[in-house]
Amino acid sequence: MNKPHSSKLHNLLDRRSTLIHVFFWGVLGVAFGAASNQWLAWTAAGLLAGILTGGLTEIALKKVRSSKKLYLRRILLFLLGETLLILLLVIPAYGAYTSTHPLRLPVSITPEQIQQEYQELSLTNADGLQIKGWYIPSKNGAAVITVHGYNGNRTHTIYHAQALAQAGYGVVLIDMHAHGESEGQVFNDWADDLDVLAALDYLSTRPEVDPRRIGAAGLSSGAMASLYAAAKDQRLQAVWADGTGMGRTEDALGPMLPEIRPFFFSTPLNWMYYQMIAAFCGVPPGPTIKERLPLIRPRPVYFVAGGQDEIEAALAQRYAQVLGDSARLWIIADVGHIGGFLAHPEEYYGRMLEFFDQTIGAGS
């Protein structure tokens with residue numbers, strides 16, 4: 001006589017399990033979407049995770065016949081286990097894999113399209129990888145290495161090169177390892193400075209280039225690579241760093257940046273992410289950017305950040321404070337990550353040229 005009632009109760013609990021999962025993972029997806037400015041993707045992923053894990057929980061518990069209270073406790077235990085698994089393993093592993101296996105975008109244009117003569121380059125970095133690039137000869141005795149961001153190639157800095165070359169600077173444009181036409185299957189963000197140093201070695205051999213007048217202009221990962229290279233080698237005299245992120249989680253800590261406090265739960269996730277990057281690359285995590293910056297002083301660095309990315313802007317402010325009087329800072333209020341040269345090209349390239357003119361160029 002009680003079986004129909006019992007069956008209805010457990011069917012209700014089963015449906016409640018899915019609703020609880022969907023709500024929980026949906027809220028988590030919204031939170032991560034807010035942190036990364038990718039609301040739609042993260043919310044959709046959260047809802048999908050809720051449906052899948054809720055369904056699996058129903059399957060696992062469908063034969064359980066116990067009190068409502070015990071049943072809900074088991075659902076909460078499942079949620080806790082799922083949370084730890086996804087936050088500390090699945091998401092970091094996925095992020096680390098995609099961060100170390102970039103896209104190979106074709107090199108579709110050349111400096112001929114910007115009316116510049118150039119030479120093809122094939123450089124060898126300290127890891128023995130062939131780094132492909134172009135060299136536009138210097139006319140003023142100074143030169144700049146331009147370095148693209150993750151998932152890019154040398155064509156992504158071609159308009160930086162155009163502005164510099166028209167002002168007389170020599171320019172080396174490189175594909176970082178595992179990008180474009182350069183060798184490498186795994187991208188190691190802590191070794192991308194080796195690509196910049198290979199270009200620096202090349203420029204130091206050019207008779208038309210004064211080895212005391214070499215700088216670098218980097219975007220995103222290329223900005224970090226340029227800073228790492230400058231920390232290692234005094235020959236790099238000035239760095240234009242657009243869109244610098246974190247070298248490790250500790251760059252946002254000590255104290256924690258106010259901008260990431262609403263998402264403090266992502267801190268262990270980020271730490272695990274960097275550990276997994278190290279595992280994929282086969283090397284231990286490198287030093288933080290904060291640790292490297294004092295090695296650059298008193299050589300100048302110009303930090304550029306998109307104001308719409310609050311964490312990027314806060315990191316740039318922190319790095320400028322660490323570097324002190326050697327740093328310059330420009331937060332472009334109306335753009336996101338490395339959007340300045342697209343939204344405000346005249347001001348952007350004007351500031352960049354003024355910076356290099358004052359540090360390695362005609363006004364140095």
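Everything below is about the structure shown above.
Basis of the calculations
Residues numbered from 1 in each chain as written. Predicted model: local features only at pLDDT ≥ 70, side-chain atom pairs only at ≥ 80, totals over all residues. Heavy atoms only, no water. Helix = DSSP H or I, 4+ residues; strand = E, 2+ residues; numbered from the N terminus. Buried < 20%, exposed > 50% of the residue type's maximum accessible area, 1.4 Å probe, protein only. Contact = heavy atoms within 4.5 Å. Areas by Shrake-Rupley, 256 points an atom, 1.4 Å probe, with all protein chains shown as cover. Lys, Arg positive; Asp, Glu negative; His and termini not counted. Charge placed at Lys NZ, Arg CZ, Asp CG, Glu CD. Arc of directions from axis to C-beta. 1 Å grid on protein atoms, 1.4 Å probe; cavity = no way out; pocket = protein on both sides within 12 Å on 5 of 7 lines; lining within 4 Å. Points joined across faces, edges and corners; volume = space filled by probe spheres on them. Nonpolar A, V, L, I, M, F, W, Y, C, P; charged D, E, K, R; others polar. Core = buried A, V, L, I, M, F, W, Y, C linked by side-chain atoms within 4.5 Å. Salt bridge = Lys/Arg side-chain N within 4 Å of Asp/Glu carboxyl O.

(A) A look at the overall build of the chain. Counting its regular elements, the chain contains eleven helices and eight strands. Considered along the principal axes of its C-alpha atoms, the chain spans approximately 95 × 35 × 35 Å. Among the 364 residues that make up the chain, the fraction classed as buried is 51%. Sequence-distant contacts in the chain: of pairs separated by 6 or more residues, those separated by 24 or more amount to 73%. When the accessible surface of the chain is totalled, it reaches about 16,700 Å², and 61% of it is carbon and sulfur. The chain carries 29 positive and 32 negative side-chain charges, and their two centres are separated by 17 Å.

(B) Spotlight on helix α8 (residues 289-296). All of the buried residues along α8 are I289, R292, L293 and I296. On an axial view of α8, the arc spanned by its buried residues comes to 110 degrees, and they lie on one face. Buried residues belonging to α8 abut α5 (193-205), α6 (221-232), β7 (301-306) and α9 (310-323).

(C) Fine view of empty space enclosed by the protein. Tallied over the full model, the rule gives one cavity of 30 Å³ or more. Approximately 30 Å³ is the volume found for the largest cavity. Considering only residue class, the lining of the largest cavity consists of three nonpolar, two polar and two charged.

(D) Representation of the nonpolar core within the structure. Core analysis: the biggest nonpolar cluster contains 60 residues, and I145, L203, L227, L236 and F303 have the highest contact counts within it. Formed by 30 residues, the second largest nonpolar core is a distinct cluster that contains A165, Y169, I332 and F356.

(E) Region of the structure containing the pattern of salt bridges. Per the counting criterion, the structure on display carries ten salt bridges. We note a salt bridge from D233 to R235, for which the minimum N-O separation is 2.7 Å. In this structure, R351 and E347 form a salt bridge, with 3.2 Å as the shortest nitrogen-oxygen distance. Separated by four residues within a single helix, R351 and E347 lie in helix α11 (residues 345-359), roughly one turn from each other. In this structure R351 comes out as partly exposed when scored by relative accessible area, which is 25%.

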